[in-house]
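# Summary of the model geometry
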Amino acid sequence: MNFNTRTTSFLQTDNIGIFAETDDSALWFPTNSDGLIEYRKGKFTQHIQDQPNLFYRGMTKSKELILSLGGSGTSEYLVFNTQSKNYRIIKRDQYILER
């Protein structure tokens, strides 16, 4: 599969870094301009549009995505629940304790 602005009209940027796959076979693409994008069963869905500058950092034991806000130097992480589609913001040192 090749996802970019030439092959996928949904995407507004080619600048997509690391992505994650959850147990339900969904692919999750944090972007630097379009928030978090989910690809499931041939359909794209955009999430977290109010936080456009996201970078994948990991996944919790409960399968929540850990995303940094604005790059590697940030002191806050966004924790996104892929089931409920809700998120919370935590301090970076909280993430270290939760792992």
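Summary of the structure given here. Just so it is clear, the structure is predicted and the values come from calculations on it, not from any experiment.

## Quick word on unusual backbone geometry
What you tend to see is this: most non-glycine residues have negative phi, and most peptide bonds are trans. Unusually for a residue other than glycine, S25 sits at a positive phi of about 70 degrees. Its location among the elements puts S25 in the loop between β1 (20–21) and β2 (27–30). Not every positive phi belongs to a glycine, and K63 is a case in point at roughly 70 degrees. For K63, the location among the structural elements is in the loop between β5 (54–59) and β6 (64–69).

## Topic: the environment of Q94
Mapped onto the fold, Q94 is located in helix α1 (residues 92–98). You can call Q94 partly exposed: its relative accessible area is 35%. Between the alpha carbons of Q94 and E76 there is a distance of 9.1 Å; along the sequence they are 18 residues apart.

## Describing the packing of aromatic side chains
For the structure shown, the criterion picks out three aromatic pairs. Pairing Y39 with F44 gives two aromatic rings, centres 4.7 Å apart and planes at 50 degrees, and the pair type is tilted. For the residue pair Y39 and F44, the accessibility class agrees, reading buried in each case.

## Some details on the environment of H47
Tracing the chain through its elements places H47 in strand β4 (residues 43–47). Not counting residues within four places of it along the chain, the set of residues in contact with H47 comprises W28, D34, G35, L36, E38, F80 and K85.

Thresholds, definitions, all that
Residues numbered from 1 in each chain as written. Predicted model: local features only at pLDDT ≥ 70, side-chain atom pairs only at ≥ 80, totals over all residues. Heavy atoms only, no water. Helix = DSSP H or I, 4+ residues; strand = E, 2+ residues; numbered from the N terminus. Buried < 20%, exposed > 50% of the residue type's maximum accessible area, 1.4 Å probe, protein only. Phe/Tyr/Trp six-rings, centres within 6.5 Å; stacked < 30°, edge-to-face > 60°. Contact = heavy atoms within 4.5 Å.

Keep in mind these values describe shape, not function.
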